[in-house]
Amino acid sequence: MKCFASMDWGYNAPGVVLWWICLLDGHFHIWREYKFQQTTAWDVGHEIKKRTKELGLKLDYLVADPAMWQHTGAGRGEAIAETLQRTGLPMRRGDNDRKSGWQRVHELLRLAPDGTPWLTVEDAPQCGYLRRSIAGAMSDKHDADDVDTNSDDHALDALRYGAMSRPSAGRLLVKQAQHAEMTLGWLTQRSHRPVGILSREVRVG
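The structure presented is a predicted model; accordingly, all values stated were derived computationally and were not measured. (Residues numbered from 1 in each chain as written. Predicted model: local features only at pLDDT ≥ 70, side-chain atom pairs only at ≥ 80, totals over all residues. Heavy atoms only, no water.)

Student: Help me out: how do you make sense of the pattern of salt bridges in this one?
Tutor: Pairing between side chains of opposite charge can happen when their charged atoms approach one another. Summed over the entire model, instances satisfying the criterion amount to eight salt bridges. In this structure, the salt-bridge partner of arginine 160 is aspartate 157, at a minimum N-O distance of 2.9 Å. With a gap of three residues between them, arginine 160 and aspartate 157 both fall in helix H5 (residues 154-163), about one helical turn apart. Considered together, arginine 160 and aspartate 157 belong to a single accessibility category, that of buried residues. Through salt bridges with shared partners, a single ionic network connects Glu47, Lys50 and Arg51. (Salt bridge = Lys/Arg side-chain N within 4 Å of Asp/Glu carboxyl O. Helix = DSSP H or I, 4+ residues; strand = E, 2+ residues; numbered from the N terminus. Buried < 20%, exposed > 50% of the residue type's maximum accessible area, 1.4 Å probe, protein only.)

Okay, here's the thing in structure tokens:
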């Protein structure tokens, strides 16, 4: 199966990583999340690699906040993204166009012709933080097309970076066929529709 991850960095504020599965029918499923705080980039990178291996997956890429490529100290020192790359992660600079990003999230949360959303999110506890963040998302009082940045939007930003990375449908390898068939069936049974302002087009029930 094709898999990628999206990330919003945080040290004092929470950081979040989301694992996306590209399903063979063109849908996407966020299977796991990793929320961290006051953890170095080196340790975060190794934790992402460990969890990805435990899931039996291989990341095509890890798309992240473009600010993670910025250097401090007048151009000296190593950027956070560079540290993560040194741990062996396939980093990709994210697109930080907020309005286009939220529009793309809306599109993914709309119903596909088969009656299920293009994007589904695993239930708690595996993705509890993301699901709570989606349900509690509020529009900015000065701009209805943006999310209030004063709210807990870290998981939402990770979601937005993933949505804007132009993920493509999954590819099935022969040696993975049996494992993928079982996993995809399990994911389908476990999929749930997000609720909240970001998914207000989706009819729940």
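Student: Help me understand unusual backbone geometry, please; the structure alone is not making it clear to me.
Tutor: With the exception of glycine, most residues fall at negative phi, and the peptide bonds are largely trans. In this structure, proline 125 follows alanine 124 across a cis peptide bond, with omega equal to 10°. Mapped onto the fold, proline 125 is located in the loop between strand S6 (119-121) and helix H4 (128-136). In this structure, glutamine 38 takes a positive phi of about 50° despite not being glycine. In this structure, glutamine 38 sits in the loop between strand S3 (28-36) and helix H1 (41-54). Of the residues examined, glutamine 38 reaches a relative accessible area of 56% and is grouped as exposed. The phi torsion at arginine 166 lies on the positive side, around 55°, for a residue other than glycine.

Student: What is the right way to look at the packing of helix H3 (residues 98-109) against H5 in this model?
Tutor: What describes two packed helices is the angle between their axes and the distance between those same axes. Orientation of H3 relative to H5, taken along the N-to-C sense of each, is 80°, at an axis distance of 9 Å. One finds that H3 runs roughly perpendicular with respect to H5. When H3 is examined against H5, the residues Arg98, Gly101, Trp102, Arg104, Val105 and Leu108 are found in contact with a partner set consisting of Leu156, Asp157, Leu159, Arg160 and Ala163. Here the residues of the contact of H3 with H5 sort into six nonpolar, one polar and four charged. (Axes fitted to C-alpha atoms, helices over the stretch in contact; angles between N-to-C directions. Parallel < 35°, antiparallel > 145°, perpendicular 65-115°, else oblique. Contact = heavy atoms within 4.5 Å. Nonpolar A, V, L, I, M, F, W, Y, C, P; charged D, E, K, R; others polar.)

Student: What is the right way to look at the sheet that holds S3 in this model?
Tutor: Two orientations exist for strands paired in a sheet by backbone hydrogen bonds: parallel and antiparallel. If you trace the six strands from one edge of the open sheet to the other, you get S5-S4-S1-S2-S3-S6, paired in mixed fashion. The strands lining the two open edges of the sheet, one partner per strand, are strand S5 (91-93) and S6. Taking the axes of each pair of neighbouring strands and ignoring which way they run, one obtains an average angle of 30° across the sheet. Docked against the sheet, H5 engages strand S1 (2-8), strand S2 (15-22), S3, strand S4 (59-64) and S6, running at close to 135° with respect to S1. (Pairing = 2+ DSSP bridges.)

Student: Can you help me understand the packing of H4 against H5 in this one?
Tutor: Orientation of H4 relative to H5, taken along the N-to-C sense of each, is 95°, at an axis distance of 8 Å. Our classification of the angle between H4 and H5 gives roughly perpendicular. Residues Tyr129, Leu130, Ser133 and Ile134 of H4 form the contact with H5, whose own contacting residues are His154, Ala155, Leu156 and Leu159.

Student: Explain H1 to me, please; I cannot follow it from the model alone.
Tutor: For H1, which comprises 14 residues, the first-to-last C-alpha distance of 20 Å matches the rise-based estimate of 20 Å (1.5 Å per residue) to within 8%. Where H1 is concerned, the buried positions are Ala41, Val44, Gly45, Glu47, Ile48 and Thr52. Axial view of H1: buried residues confined to an arc of 165°, hence all on one face. Away from the buried face of H1 by more than 90 degrees, exposed residues Lys53 and Glu54 are located. Tucked inside the fold, the buried residues of H1 contact S1, S2, S3, S4 and helix H2 (80-86). Two residues or fewer after H1 comes glycine 56, characterised by a positive phi angle close to 75°. (Expected span 1.5 Å × (residues − 1). Arc of directions from axis to C-beta.)

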